[in-house]
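Structural overview for review
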Amino acid sequence: MDIEKMLQFAERAVDEIVFTNRGRHMDDLEKAVLRGTLRRKTYKEIAKELECSDSHLREVGSELWKIISEELGDKISKSNLRSELEKLQVSICSSDCVQQIDSVIYSGEPRDNSGVSPKSNCQRHDLSQMPELGAFYDRASELDTLKTWILQEQCRIIALMGISGIGKTQLARQLVEQIQSEFESVIWRSLEHAPPFAQLEADFIQVFCSPQPEDASAEKKKELPLIQYLQKHRCLIILDDIHNLCCPGELAGKYKPGYEPYKSFFRKIRTLPHQSCLILMGWEHPRDCLPLKKHSSGVGTMQLKGLDPLSTEALLRETELENREQWQMLNLYEGNPFWLKSVVFQIQELEIEPTNISSEHSLLLPENVKDNLQEQFDRLSPQEQQVLHLLAQAEEPVNLGQLLQNQTIEASNSINALHSLCDRSLIERKNKRYSVSPAIKQALHLHDSQKKGY
Ligand SMILES: Nc1ncnc2c1ncn2[C@@H]1O[C@H](COP(=O)(O)OP(=O)(O)OP(=O)(O)O)[C@@H](O)[C@H]1O
Ligand SMILES: [Mg+2]
């Protein structure tokens, strides 16, 4: 058993016992005796570290063992303390976690969410759907922001949005690897096949209620509504590909018919008190799962951009592309790692030379990138398609006034379409002007030419 985890568990459990039986918390000497004993140190060794007399420590220890014995009903001494506490820990984890962890470990003092870490070994992670994605290049500032939101600001719901291939899943995977030890449960699910909410809820409850390995013979735990588990335990839930809950052919965020129960779940997560965190990822997030104000408390929204130039350079170095400096065209992919990897793969497969590709209009767009963009275009409403084409045809970024002048549809509908395209990261807004990235322009151009039969 991990000694640090054991020490943390022991200190909390024994403190709770002392509090319950003597109405006070453990003092520093008692903690030192407890920790030293669990590290199999003699009273003499502990006394030497603390620069005090070992006879006094013996008295402190024997009073402590007495209190624990009274509580546990077994005779506890310095020699059997560790094994007895290990048994207690295992029994807590394998009995009804919802009830026992609360009463044995947490009660006695108000729950403080700040810096809460899983206080026992009772961790129920299910990362079976978290994909392996290979090398990861720096996203230090994004990781810092996400960690601040989750660990310091106790955000209850976070939306990590962005165009396909930009690196949402990869970033979330890194995040999970760095912070999973702070949670009792971490569960990752892809909503690729858009399960109805009841199915997802049952799936989660099964994870929370399944017996632990050391508890194989135990009966199934009593089931509670999902939100109650998230209130009682500190859980991190990641729902990837969240756009599958939304209707294609509509402005971003409209729930598919039958998927409204998700709306009520997201509202509960956002508004009810709990210590868990839900991360939503995808191309568009369902409406109303976030408040109108982007940075209200308990909520974080991040729209992921491409890799910075240094990370892009590192990614390209890994591909071993020849004559890298002559491939200026690669700057037009705006640090989208999926686009970059696919284009470089095509260049290498066909041994294309930089001189073969001269003008910006011949931007390479391999079929997998085209298909991937087409899948996102197919989700657009007719108004969005119209606005996107208009912006793609413009040579320069366009301001709102210019856009509305050129529109045949009503101003309010054009603005809604523009808003929705921004949410989907298919257009960019900078200095009140809107533009479309070269790769997206090229995909639209190729699509239109194909339709015309070129
Ligand atoms: N920081 C990074 N460093 C290196 N490679 C990366 C990085 N981020 C993403 N990639 C690579 O780019 C590709 C796309 O990444 P990822 O699957 O995370 O994108 P996504 O935004 O989740 O896309 P989708 O919305 O389609 O699921 C993967 O091959 C991934 O390994
Ligand atoms: Mg993804």
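In case you missed it, the structure is sitting above this.
Residues numbered from 1 in each chain as written. Chains lettered and ligands numbered in written order. Predicted model: local features only at pLDDT ≥ 70, side-chain atom pairs only at ≥ 80, totals over all residues. Heavy atoms only, no water.

**Here's the deal with helix α1 (residues 3-22)**
- The first and last C-alpha atoms of α1 sit 27 Å apart over 20 residues, in line with the 28 Å expected at 1.5 Å per residue.
- When α1 is considered as a whole, its buried residues turn out to be Met 6, Leu 7, Phe 9, Ala 10, Glu 11, Ala 13, Val 14, Asp 15, Glu 16, Ile 17 and Val 18. (Helix = DSSP H or I, 4+ residues; strand = E, 2+ residues; numbered from the N terminus. Expected span 1.5 Å × (residues − 1). Buried < 20%, exposed > 50% of the residue type's maximum accessible area, 1.4 Å probe, protein only.)

**Overview of helix α2 (residues 28-38)**
- Along α2, the residues that are buried comprise Glu 30, Ala 32, Val 33, Leu 34, Gly 36, Thr 37 and Leu 38.
- Of the residues that open α2, the one with a side-chain oxygen 3.2 Å from the backbone nitrogen of Leu 29 is Asp 27.
- Arg 40 occupies a position one or two residues after α2 and carries a positive phi of about 60°. (Polar contact = N/O pair within 3.5 Å; in protein donor to acceptor, adjacent residues only side chain to side chain.)

**Considerations on the nonpolar core**
- Judged by nonpolar contacts, the single largest core of 66 residues is most densely connected at Leu 330 and Tyr 333.
- With near-sequence residues (within four places) excluded, Tyr 333 lies in contact with Trp 339, Leu 340, Val 343, Leu 363, Leu 364 and Ala 439.
- With 34 residues, the next largest nonpolar core counts Ala 159, Ile 205, Tyr 229 and Leu 245 among its residues. (Core = buried A, V, L, I, M, F, W, Y, C linked by side-chain atoms within 4.5 Å. Contact = heavy atoms within 4.5 Å.)

**Focus on the site of ligand 1**
- In the vicinity of ligand 1 there are 20 residues, among which Tyr 137, Ser 164, Lys 168, Thr 169 and Trp 283 approach most closely.
- Here Ser 164 contributes a side-chain N or O atom positioned 2.6 Å from an oxygen atom of ligand 1.
- Within the contact set of ligand 1, an oxygen atom lies 2.8 Å away from a backbone nitrogen or oxygen of Gly 165.
- Computed on the free molecule, ligand 1 has an accessible area of 630 Å², of which 86% lies beneath the protein chains in the complex.
- When contributions to the shell around ligand 1 are tallied by element, the ones reaching two or more residues are α8 (168-179) and α13 (337-350).
- For the shell around ligand 1, the class distribution of residues is 11 nonpolar, 5 polar and 4 charged.
- Domain assignment of the residues forming the shell around ligand 1 places at least three in each of domain 2 (140-303) and domain 3 (309-354). (Near = heavy atom within 4 Å. Areas by Shrake-Rupley, 256 points an atom, 1.4 Å probe, with all protein chains shown as cover. Nonpolar A, V, L, I, M, F, W, Y, C, P; charged D, E, K, R; others polar. Domains from an automatic or database assignment.)

**Section: the sheet that holds strand β8 (residues 433-435)**
- As summarised here, the arrangement of the 3 strands in space is β6-β8-β7, forming an open sheet in which the pairing is antiparallel. Every interior strand has two partners, whereas the edge strands, β6 (398-399) and β7 (428-430), have only one.
- When β6 meets β8, the two strands line up antiparallel, connected through 2 bridges. In the sheet register, Val 398 faces β8, and the bridge partner there is Tyr 434. (Pairing = 2+ DSSP bridges.)

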